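Here are the chains, one letter per residue:
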Amino acid sequence: MIGEQMIRFVADLYPICRSITGDGVRQTLAKVGERIPLQIHEVPTGTQVFDWTVPREWNIRDAWIKDPHGRKIVDFQHLNLHVLNYSVPVHKKVSLAPLKEHLFTLPDQPGLVPYRTSYYKEAWGFCMAHHQWLSLEEGEYEVCIDSTLEDGSLTYGECFLKGETEREVLISCHVCHPSLCNDNLSGLAVCTFLAEELARASRRLSYRFLFIPGTIGSITWLARNDSSRMTNRITAGLVAANLGDPGHFHYKKTRQGDAEIDRAVLQVLRGEEHGVEDFVPFGYDERQYSSPGFNLPVGSLTRTPYGRYPEYHTSADNLDFIQSASLEASLQTYLSVMKVLEGNRRYLNLNPKCEPQLGRRGLYRTIGGDDSGRQRELALLWVLNLSDGEHGLLDIAE
Amino acid sequence: MIGEQMIRFVADLYPICRSITGDGVRQTLAKVGERIPLQIHEVPTGTQVFDWTVPREWNIRDAWIKDPHGRKIVDFQHLNLHVLNYSVPVHKKVSLAPLKEHLFTLPDQPGLVPYRTSYYKEAWGFCMAHHQWLSLEEGEYEVCIDSTLEDGSLTYGECFLKGETEREVLISCHVCHPSLCNDNLSGLAVCTFLAEELARASRRLSYRFLFIPGTIGSITWLARNDSSRMTNRITAGLVAANLGDPGHFHYKKTRQGDAEIDRAVLQVLRGEEHGVEDFVPFGYDERQYSSPGFNLPVGSLTRTPYGRYPEYHTSADNLDFIQSASLEASLQTYLSVMKVLEGNRRYLNLNPKCEPQLGRRGLYRTIGGDDSGRQRELALLWVLNLSDGEHGLLDIAE
Amino acid sequence: MIGEQMIRFVADLYPICRSITGDGVRQTLAKVGERIPLQIHEVPTGTQVFDWTVPREWNIRDAWIKDPHGRKIVDFQHLNLHVLNYSVPVHKKVSLAPLKEHLFTLPDQPGLVPYRTSYYKEAWGFCMAHHQWLSLEEGEYEVCIDSTLEDGSLTYGECFLKGETEREVLISCHVCHPSLCNDNLSGLAVCTFLAEELARASRRLSYRFLFIPGTIGSITWLARNDSSRMTNRITAGLVAANLGDPGHFHYKKTRQGDAEIDRAVLQVLRGEEHGVEDFVPFGYDERQYSSPGFNLPVGSLTRTPYGRYPEYHTSADNLDFIQSASLEASLQTYLSVMKVLEGNRRYLNLNPKCEPQLGRRGLYRTIGGDDSGRQRELALLWVLNLSDGEHGLLDIAE
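Residues numbered from 1 in each chain as written. Chains lettered and ligands numbered in written order. Predicted model: local features only at pLDDT ≥ 70, side-chain atom pairs only at ≥ 80, totals over all residues. Heavy atoms only, no water.

Participant: Now, about the overall build of chain A: what can you tell me, with residues and values included?
Facilitator: What chain A contains, in helices and strands, is 12 helices and 16 strands. In terms of principal-axis extent, the alpha carbons of chain A reach across some 95 × 45 × 35 Å. With 398 residues in all, chain A has 59% of them scored as buried. Put simply, of all contacts in chain A between residues at least 6 apart along the chain, 80% involve residues at least 24 apart. For chain A, the computed accessible surface area is about 15,700 Å², with 49% contributed by carbon and sulfur atoms. (Helix = DSSP H or I, 4+ residues; strand = E, 2+ residues; numbered from the N terminus. Buried < 20%, exposed > 50% of the residue type's maximum accessible area, 1.4 Å probe, protein only. Contact = heavy atoms within 4.5 Å. Areas by Shrake-Rupley, 256 points an atom, 1.4 Å probe, with all protein chains shown as cover.)

Participant: Break down helix H8 (residues 260-269) of chain B for me, citing the residues and quoting the values.
Facilitator: Residue and element names in this part refer to chain B. Within H8, eight of the 10 residues are buried, leaving the element largely enclosed by the surrounding structure. Those residues of H8 not exposed but buried are Glu 260, Ile 261, Asp 262, Ala 264, Val 265, Gln 267, Val 268 and Leu 269. Just beyond H8, the residue with positive phi is Gly 271, at close to 95°.

Participant: Could you give an account of the sheet that holds strand S5 (residues 72-75) of chain B, with specific residues and numbers?
Facilitator: Residues and elements named next belong to chain B. Taking strand neighbours across the sheet as the criterion, the four strands line up as S5-S4-S9-S6 in an open arrangement whose pairing is antiparallel. The sheet terminates laterally at S5 and strand S6 (90-95), the two strands that pair on one side only. Averaged over all adjacent pairs, the angle separating strand axes in this sheet is 20°, with direction ignored. In terms of strand pairing, strand S4 (residues 57-66) meets strand S9 (residues 140-150) through nine bridges, oriented antiparallel. Bridge pairing links Trp 58 to Leu 149 in S9. (Pairing = 2+ DSSP bridges. Axes fitted to C-alpha atoms, helices over the stretch in contact; angles between N-to-C directions.)

Participant: Residues and numbers for the interface of chain A and chain B, please.
Facilitator: The interface is formed by 26 residues belonging to chain A together with 29 residues belonging to chain B. On the chain A side of the contact with chain B, Lys 353, Cys 354 and Glu 355 of chain A bury the most area, a combined 27% of that side's loss. Summed over the shared surface of chain A and chain B, the result is zero salt bridges. Between the two partners, chain A and chain B, sit zero residue pairs in polar contact (both at pLDDT 80 or more). (Buried area = accessible area lost by both parts, 1.4 Å probe. Salt bridge = Lys/Arg side-chain N within 4 Å of Asp/Glu carboxyl O. Polar contact = N/O pair within 3.5 Å; in protein donor to acceptor, adjacent residues only side chain to side chain.)

Participant: Let's hear about the pairing of strand S16 (residues 298-302) of chain A: which residues, and what values?
Facilitator: Residue and element names in this part refer to chain A. Within S16, five of the five residues are buried, which leaves the element mostly enclosed by the surrounding structure. Examined bridge by bridge, strand S13 (residues 234-240) and S16 share four bridges and lie parallel to one another. Residue Leu 238 lies in a different strand from S16, and its bridge partner there is Gly 299. Note: strand S14 (residues 249-252) against S16, three bridges, orientation antiparallel. Each residue of the ladder has a partner; that of Lys 252, found in S16, is Ser 300.

Participant: Requested: an account of unusual backbone geometry, with residues and values cited.
Facilitator: Residue and element names in this part refer to chain C. At Tyr 86, a residue that is not glycine, the phi angle is positive and equals roughly 80°. Checked against the element boundaries, Tyr 86 lands in the loop between strand S5 (72-75) and strand S6 (90-95). Even without a glycine there, the phi angle at Asn 295 is positive, about 50°. Along the polypeptide, Asn 295 turns up in the loop between helix H9 (286-289) and strand S16 (298-302).

Participant: Explain the relation of the copies chain C and chain B residue by residue, including any values.
Facilitator: Of the transformation superimposing chain C on chain B, the axial component is 0.0 Å and the angular component is 120°, with the fit at an RMSD of 0.0 Å. Both copies are brought into coincidence by an operation consistent with a three-fold rotation axis. For chain C, the smallest separation between a C-alpha atom and the rotation axis is recorded for Asp 258 of chain C, amounting to 13 Å. (Least-squares fit on C-alpha atoms with pLDDT ≥ 70 in both.)

Participant: Before we move on, could you go through helix H2 (residues 23-33) of chain B and cite the residues and values that matter?
Facilitator: Residue and element names in this part refer to chain B. Looking at H2, one finds that the buried residues are Gly 24, Val 25, Thr 28, Leu 29 and Val 32. Each buried residue of H2 lies within a common arc of 125° when the element is viewed along its axis, so the set occupies one face. At its buried positions, H2 is contacted by helix H1 (2-13), strand S1 (39-44), strand S10 (153-161), helix H5 (181-200) and strand S12 (206-212). (Arc of directions from axis to C-beta.)

Participant: An account of the packing of aromatic side chains is needed here, citing residue identities and associated values.
Facilitator: For the structure on display, the rule yields 33 aromatic pairs over all chains. Relative to Tyr 312 of chain B, the ring of Tyr 309 of chain B has its centre 5.7 Å away and its plane inclined at 85°; by these criteria the two rings are edge-to-face. No difference in accessibility class separates Tyr 309 of chain B from Tyr 312 of chain B, as the two residues are buried. Taken together, the aromatic side chains of Trp 52, Trp 58, Tyr 86, Tyr 119 and Tyr 120 of chain A make up a single cluster linked through ring pairs. (Phe/Tyr/Trp six-rings, centres within 6.5 Å; stacked < 30°, edge-to-face > 60°.)

Participant: Mind laying out the pattern of salt bridges, listing which residues take part and the relevant values?
Facilitator: Two side chains that carry opposite charge are able to pair once their charged atoms sit near each other. Applying the stated criterion to the full structure yields 50 salt bridges over all chains. Across the pair Glu 168 of chain A and Arg 233 of chain A runs a salt bridge, and its minimum N-O distance is 3.7 Å. Residue Glu 168 of chain A is found in strand S11 (residues 168-174), and its partner Arg 233 of chain A is found in the loop between helix H7 (228-231) and S13; the two are separated by 65 residues along the sequence. Residue Glu 168 of chain A is classed as buried on the basis of its relative accessible area of 1%. Classification of Arg 233 of chain A by relative accessible area gives buried; the value is 15%. The partner of Arg 35 of chain B in a salt bridge is Glu 196 of chain B, with the nearest N and O atoms 3.0 Å apart. Separated by 161 residues along the polypeptide, Arg 35 of chain B in the loop between H2 and S1 and Glu 196 of chain B in helix H5 bring together distant segments of the chain. Note on Glu 196 of chain B: relative accessible area 17%, which makes it buried. Each of the salt bridges in this network shares a partner with another, and the network as a whole consists of Glu 158, Glu 166, Glu 168, Arg 208 and Arg 233 of chain A.

Participant: Residues and numbers for the interface of chain C and chain B, please.
Facilitator: Taken together, the contact pairs 29 residues of chain C with 26 residues of chain B. With both sides pooled, the region where chain C packs onto chain B buries about 2,400 Å², and carbon together with sulfur makes up 54% of that total. Where chain C packs against chain B, one counts zero salt bridges. Counting every contact that joins chain C to chain B gives zero residue pairs in polar contact (both at pLDDT 80 or more). Only strand S3 (52-53), helix H6 (216-224) and H9 of chain C provide two or more residues apiece to the side of chain C that touches chain B. In the side of chain C that touches chain B, the residues fall into 15 nonpolar, eight polar and six charged. (Nonpolar A, V, L, I, M, F, W, Y, C, P; charged D, E, K, R; others polar.)

Participant: I'd like to hear about the environment of Ser 315 of chain B, residue by residue, with values.
Facilitator: All names here are of chain B. Tracing the backbone shows Ser 315 in the loop between strand S16 (298-302) and helix H10 (324-343). When the C-alpha positions of Ser 315 and Leu 79 are compared, they lie 8.4 Å apart, and in sequence the two are 236 residues distant. Here Ser 315 is in contact with Leu 79, Leu 81, Leu 112 and Val 113, once residues within four sequence places are set aside.

Participant: So what's going on with the packing of H8 of chain B against H10 of chain B? Residues and values would help.
Facilitator: Residue and element names in this part refer to chain B. Between H8 and H10, whose axes approach to 9 Å, the crossing angle comes to 125°. It follows from the interaxial angle that H8 and H10 lie oblique. Here H8 runs over H10; the crossing is right-handed. Across the interface between the two elements, Glu 260, Ile 261, Ala 264, Val 265, Val 268 and Leu 269 of H8 pack against Thr 333, Ser 336, Val 337, Val 340 and Leu 341 of H10. Across the contact of H8 with H10, the residue classes break down as eight nonpolar, two polar and one charged. (Parallel < 35°, antiparallel > 145°, perpendicular 65-115°, else oblique. Left-handed = near helix turned anticlockwise from the far one by under 90°.)

Participant: Quick one: what's the story with the nonpolar core, residue by residue and with numbers?
Facilitator: Residues and elements named next belong to chain C. Counting residues in hydrophobic clusters, the biggest one holds 120 residues, and the most contacted among them are Phe 209, Phe 211, Tyr 334, Val 337 and Met 338. Broken down by element, the residue count for this core peaks at 10 residues, all from helix H5 (residues 181-200). Every residue in contact with Phe 211, bar those within four places of it in the chain, is listed here: Leu 29, Val 32, Ile 36, Leu 38, Tyr 156, Gly 157, Cys 173, Val 175, Leu 188, Cys 191 and Thr 192. (Core = buried A, V, L, I, M, F, W, Y, C linked by side-chain atoms within 4.5 Å.)

Participant: Can you explain the side chain of Ser 172 of chain A? Please cite residues and give values.
Facilitator: Residue and element names in this part refer to chain A. Note on placement: Ser 172 falls in strand S11. The class of Ser 172 is buried, set by a relative accessible area of 1%. For Ser 172, the side chain forms a polar contact with the side chain of Tyr 289, separated by 2.8 Å. Excluding its chain neighbours within four sequence positions, the residues that come into contact with Ser 172 are Leu 210, Ile 212, Leu 238, Val 239, Ala 240, Asp 285 and Tyr 289.

Participant: Describe the sheet that holds strand S15 (residues 274-277) of chain B, listing the residues and the values that go with them.
Facilitator: All names here are of chain B. Spatial strand order, S1-S10-S12-S11-S13-S16-S14-S15: eight strands in an open sheet with mixed pairing. The sheet is open, and its two borders are formed by S1 and S15, each paired with just one other strand. Neighbour to neighbour, the strand axes of the sheet diverge by 20° on average, direction disregarded. Inspection of the sheet shows S10 paired to S12 by five bridges, in the antiparallel sense. Within the sheet, the bridge partner assigned to Leu 161 lies in S12 and is Tyr 207. Packed onto the sheet, H10 meets strand S11 (168-174), S12, strand S13 (234-240), strand S14 (249-252) and S16 and runs at close to 175° relative to S13.

Take a look at the structure:
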């Protein structure tokens, strides 16, 4: 049932043309903010964030190509992937050969429209199916991209759920992809619904959810929160993406490799098929959280990783590709991981010398010599034995 | 030959009805004391030992069931396993159905009498073969258990063999099982004969043998010797049990997992078939020695572990089950382990810079270029190379 | 081409009768000194070097056996292996039976003359093919060894190439074997040509080449340089030998087992067939460098290790056995290892917080969403990510 709600949430966000800045992000965050308490940040164009600069804000209203007969053969209104994301405005006539220098296709997947961006180099372009590209006739085309690239701001959302302690779990997802469901909206949905659940629960730990444009968003957040007091609080973190496809779970470890979050995720995934890989400095925003100057314990829990399913970054990553059951199971898995983190305390056996007398407390068999019930007793004895102040419950479970 | 002596020792102890307290333990320790210097401790009922309390003392003189025809069908004098160990006194007539609530059998091993106890909950009962149980007819039975459960004391024996240093090896066995040979008496025999051998030898290390009732005995000993000065002396330890059956050796490691005793035992067992397992907080008294408040380096060296042979805790664990060859080889193996501990010193190569000239000392081949005798020379060179103050002989052997 | 030069160098040295002292070593070092700056050290007989004493100097002019018919059947001028190395002078007549006590052969390789020595016990003897030994007839033989064993000195050569830093790489080879090509001269050639190459290059590290008699030579060098100031400079080292045979490379690790040199060699050998083994206190002079009083990080990089090829220490280890291609590849491999050591710096990412903007610097794809060129970018990102002051380039490569 919650899976169906998640699908509807994704469907609602699907048509919006997001990018790393602009109104698409604002509209998206507004819908997230209807479900959870979300603080919206606007960071002006030109702000220096470490080695980077917040870019000009991009907005787009329309874009199309008309063929030599005046027919619209590519229409942004129909599918926003058709425009090279961050295209500068253009409106002119152009013959086929020079037009082709601005067209992007997928020759190996000729029926699909690719997703392409050009954030940091001024360019304009269109994406289309390779089939269509092959059928383009000679002649003069009219191209129009009604966009603006102007000073403005970069927008991101932050949802902070305070717990009993200051120790924080960071959950981060990117909100910069236009009409792509698994890569982007599935993560957005899991994060939103997860925050909604945790907001209702009692929390030992604090939780910080970031809804940010990829790369520049996490860099901006880190730059604005770059004090050891802030980042030292982050005791665990996950980057959420690709959580709606039917593939099994895949965990990419933190740079540290054996952080609490690594062990918590693997504990939860134990017993079901899943993939694991070590940290590599590539991928989503874990790249920034794990840069050597921060080295935060942030892993990434996905289903099929980016780039490993044929629908990735194409028009086939649409509402047909994701499944409500997958979204729901992803949410449950994230909740289970949070539960392990919440529960992973270190207990201290107050009766550390010899075993306490369990029988006296009704926790033990009374007729000796019999073997039944040993499993439960053994669990009790392990907890008592390892509660020496050096092992958390996660250690004991392992 | 020593194996035959061990068998006779076991046979002598077999008929005694031991329990965790009472005269059976005293008689048993008296026989041990005939062979080795043994200090007998009596700890009064009601003494608080950590979370536990020394129980009332149990003694038994007779027990039987008479069938509706007045025939004794179960007789303690014939086999002391017939009585539920620590049964409170009873003498009354009872019909079959309520009687059955006090009868314990082994449906899967219908010819054998089980061993059952009820130390910490007042109860009475009998154990019998399931075959017999099936043949019980309706009618009125007469049951009698002529036991007492009264204030008294818990009895244990301690044999301390002082060596050149204060560092102690702890060897512990339980003395609380009635007529059971492998589980109990084999360990008792190995400990007794081992102490006898070590008493005659020159010793670098000190040795402390404990002959104690299981669980409450080790808890009592630890409670009475709970000072770091005392327990810090214990540098290695073994819990001895199940040492007379024909199975191969099995070693359960200390909680620390790589203590000197772990490495010494595995060094000795190398080259013969044997089992090894990590510490679990279950089993014999290693559970208490390894509780987090002590964490002593005590492992357990047995043959077939408890519960893994069908005769375990049944009337089939009798004099036919144990073998003199097994007992003797168990004793030899314990002696070998002690020899490794005795010999495991750290030597310091007083000529650490470059190799000493072995040839000058007649320890080396004089005609170079030839390959014979290399194995012996290599051993010499390893000892010299690793005698750097950081490696003991056991490290070097490994 | 350089392989051919190396072969000619070996051929030039082949006829010289080397030993652990004497003019053979001096002549050999003179030829090495024609190619590289070499300091010659003379250490007087009787000098105490740790547990050893520098022996008397041995020189030999001639040696032969004449059969009962007066025919020279063994002639040092023909092959210097025929004399037991370090034989005391002798000139007398002797019948067959007592003569045989002074003859050394290889019954399993009846066509080959063995190499035998008696440095530290006064003796005389001859080595011959077992075939010849079998054909010796009864009668009186005349034996002559025109040698001297007198006070003199032990000679060794040292080539020091100063670099930008004081940290030194030690390269050591033995120069005490007479006409044996792979065991001795191949190592001598690789060291000489390597020093020649490095002398021409700019060097961050300093290099120290030792051309020394085996065992007594390294002991003497260590004794004369036994100050922590000197030996602490040695940051890596290799013992060179057996580098001209056609076998693949074989690396014997340092006593430390994971020193920088171990990792550098294994990094270079990665991708070609090779053998690796842990340190054992046997072999060449790594035994002395790795004695516990020094424990220097010195491994040994050879082709087929000593004793594992049938030509070893026989007359078959001659100019036919070694190959110019093997010598040249050995030199190249040593050079590659030195290059890794030279390059293994720790860089510090000066932009450690988040990734630097590679796109702005032309180091990154401008159209996002495409997957080409990822391998190169990933390498860039790894270098940036791990340049945290704790990882050297060797760590990153691994």
